[in-house]
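Chain and residue survey
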Amino acid sequence: MIDFSTPGLKPGTPEWTSVKTQVQSLRTNPKVPLYESFGVDEAPTPEKAKAFTDQLWPQGNENFSKIVQSYSEQLSELDQTIRRMIVESYGIEKYLEEHLDSTYYLLRVMKYKGPQTDSKKPGLPGHTDKNMLTILYQDQIEGLGVQTKDGEWIDVKPSQDSFVAMVGDSLHAWTNGRLHPPYHRVLMRGNKSRYSAGLFSVPREGYMIKAPEELVDEEHPLLFKPFDHVEFLGFYYTEAGLKAQAKALKLFCGV
Ligand SMILES: O=C(O)CCC(=O)C(=O)O
Ligand SMILES: [Fe+2]
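Residues numbered from 1 in each chain as written. Chains lettered and ligands numbered in written order. Predicted model: local features only at pLDDT ≥ 70, side-chain atom pairs only at ≥ 80, totals over all residues. Heavy atoms only, no water.

Some thoughts on the site of ligand 1
Around ligand 1, the neighbouring residues are M110, Y112, L124, H127, D129, L136, L144, H184, V186, R194, S196 and F200. Contact distances for ligand 1 include 2.7 Å between an oxygen atom and a side-chain N or O atom of Y112. Between ligand 1 and the protein, one listed contact pairs an oxygen atom with a side-chain N or O atom of S196 at 2.7 Å. Relative to its unbound accessible surface of 300 Å², ligand 1 loses 98% to contact with the protein. At the level of elements, β3 (103-112), β4 (117-127), β9 (184-190) and β10 (194-203) are the ones that each hand at least two residues to the shell around ligand 1. The biggest single contributor to the shell around ligand 1 is β10, with three residues. Here the residues of the shell around ligand 1 sort into seven nonpolar, three polar and two charged. (Near = heavy atom within 4 Å. Polar contact = N/O pair within 3.5 Å; in protein donor to acceptor, adjacent residues only side chain to side chain. Areas by Shrake-Rupley, 256 points an atom, 1.4 Å probe, with all protein chains shown as cover. Helix = DSSP H or I, 4+ residues; strand = E, 2+ residues; numbered from the N terminus. Nonpolar A, V, L, I, M, F, W, Y, C, P; charged D, E, K, R; others polar.)

Rendered as structure tokens:
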């Protein structure tokens, strides 16, 4: 998963290569000054959780590393439970294994600084997630807003014991449009920092995302041609892709 601090990202550039490294470095961007994030691919793997921790604490922090690993592992199980329920609800269990195997897990921890004013300032611009499914946890400082299909913005109230699961563009395409990827953003106000963590199931490079034929019929014509998520990201971070925003996938491979 690539965040918004790398606009114009294109395959082959040094920025692109940095995204491909296993431990993703701290992301900051002058255009989104309140936002900082730090992520790791394959987060449920103990070695990756440790490498991630060592970036933050070069002298090591075993406790944090164990928490990162166990949090990612448990949330990856939740991700699989949700995706299994989705697959079963469409009666297409024969695709379950392939579908679950088609992704890996990225953990991203995020910090949004308080803008030191009572008027709301953008923390993260509006977007749809490009991956399969996102599971978010936010601390007690609110800021996440989700847009309904009618265009109304609703605030997601922080809750210590719940997560927000969000469909990404890839799952929208895989279900041939049956599941909606919500447009969402973070707005900050006041002087307190907000922390959040996202566990993203991300389609593997080289895997062609293709809606099962059972989900394509006269009533539901095929919406997207099969596509590779990494190639789609390459397009998304071009000027045309960023301009198209939530419609980027349609522009990239819409039928
Ligand atoms: O921090 C949040 O609550 C949202 C983060 C988000 O939307 C993302 O990383 O894609
Ligand atoms: Fe998001």
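Here we look at the coordination of the iron ion (ligand 2)
Protein coordination at the iron ion (ligand 2): the donors are H127 (NE2), D129 (OD) and H184 (NE2), at 2.1 Å from the metal. Taken in sequence order, the residues that donate to the iron ion (ligand 2) follow the motif H-x1-D-x54-H. Side by side, H127 and D129 carry an identical accessibility label, which is buried. (Donors = N, O, S within 2.8 Å, 3.2 Å for Na, K, Ca; no water. Buried < 20%, exposed > 50% of the residue type's maximum accessible area, 1.4 Å probe, protein only.)

Remarks on the environment of G126
You can see G126 is positioned in strand β4. Setting aside chain neighbours within four positions, we find G126 in contact with Y183, H184, R185 and Q245. (Contact = heavy atoms within 4.5 Å.)

A closer look at the environment of D79
Mapped onto the elements, D79 comes out in helix α3 (residues 62-89). On the accessibility criterion, D79 (0% relative accessible area) is buried. In this structure, the C-alpha to C-alpha distance between D79 and N191, residues 112 residues apart in sequence, is 33 Å. In contact with D79, other than residues within four places in its own chain, are Y105, L133, I135 and S201.

Details of the packing of helix α2 (residues 46-56) against α3
The geometry of a pair of packed helices is captured by two quantities: the angle between their axes and the separation between those axes. Between α2 and α3, the least distance of the axes is 8 Å, while the angle of their chain directions is 135 degrees. By the angle between their axes, α2 is oblique relative to α3. In the packing of α2 onto α3, the handedness of the crossing is right-handed. Contact with α2, carried on its side by P46, A49, K50, F52, T53 and L56, involves F64, S65, V68 and Q69 of α3 and no other residues of that element. (Axes fitted to C-alpha atoms, helices over the stretch in contact; angles between N-to-C directions. Parallel < 35°, antiparallel > 145°, perpendicular 65-115°, else oblique. Left-handed = near helix turned anticlockwise from the far one by under 90°.)

Some points on α2
When we look at burial in α2, the residues that qualify are A49, F52 and T53. Take α2 and look down its axis: the buried residues cluster within an arc of 100 degrees, on one side only. (Arc of directions from axis to C-beta.)

Re the side chain of S102
For S102, the position within the fold is in the loop between α4 (96-101) and β3. A polar atom in the side chain of S102 sits 2.6 Å from the backbone oxygen of H99. If sequence neighbours within four positions are ignored, S102 has contacts with R83, M132, V202, P203, R204 and Y207.

Some thoughts on the sheet that holds β9
Spatially, the four strands line up as an open sheet ordered β4-β9-β6-β7, and their pairing is antiparallel. For this open sheet the edge positions go to β4 and β7 (153-155), each flanked by a neighbour on one side alone. Averaged over all neighbouring strand pairs, the angle between strand axes comes to 30 degrees, with direction disregarded. As paired strands, β4 and β9 are joined by five bridges and run antiparallel to one another. If you follow H127 over to β9, its bridge partner there is H184. (Pairing = 2+ DSSP bridges.)

Focus on the layout of surface pockets
The computed volume of the largest pocket comes to approximately 370 Å³. Together, 18 residues line the largest pocket, and H172, P181, A246, K247 and K250 are the ones closest to its centre. Contributions of two or more residues to the lining of the largest pocket are made by α5 (169-174) and α8 (248-253). Its residues assigned to classes, the lining of the largest pocket shows seven nonpolar, six polar and five charged. (1 Å grid on protein atoms, 1.4 Å probe; cavity = no way out; pocket = protein on both sides within 12 Å on 5 of 7 lines; lining within 4 Å. Points joined across faces, edges and corners; volume = space filled by probe spheres on them.)

Observations regarding α3
Its 28 residues place the ends of α3 40 Å apart at the C-alpha level, agreeing with the 40 Å of an ideal helix rising 1.5 Å per residue. Buried within α3 we find S65, V68, Q69, S72, L75, S76, D79, R83, I86 and V87. Contact partners of the buried residues in α3: α2, α4, β3, β5 (133-138), α5 and β10. Remark: G91 follows α3 within two positions and exhibits a positive phi of approximately 65 degrees. (Expected span 1.5 Å × (residues − 1).)

Note that every value here comes from positions in space, so none of it alone points to a role or purpose.
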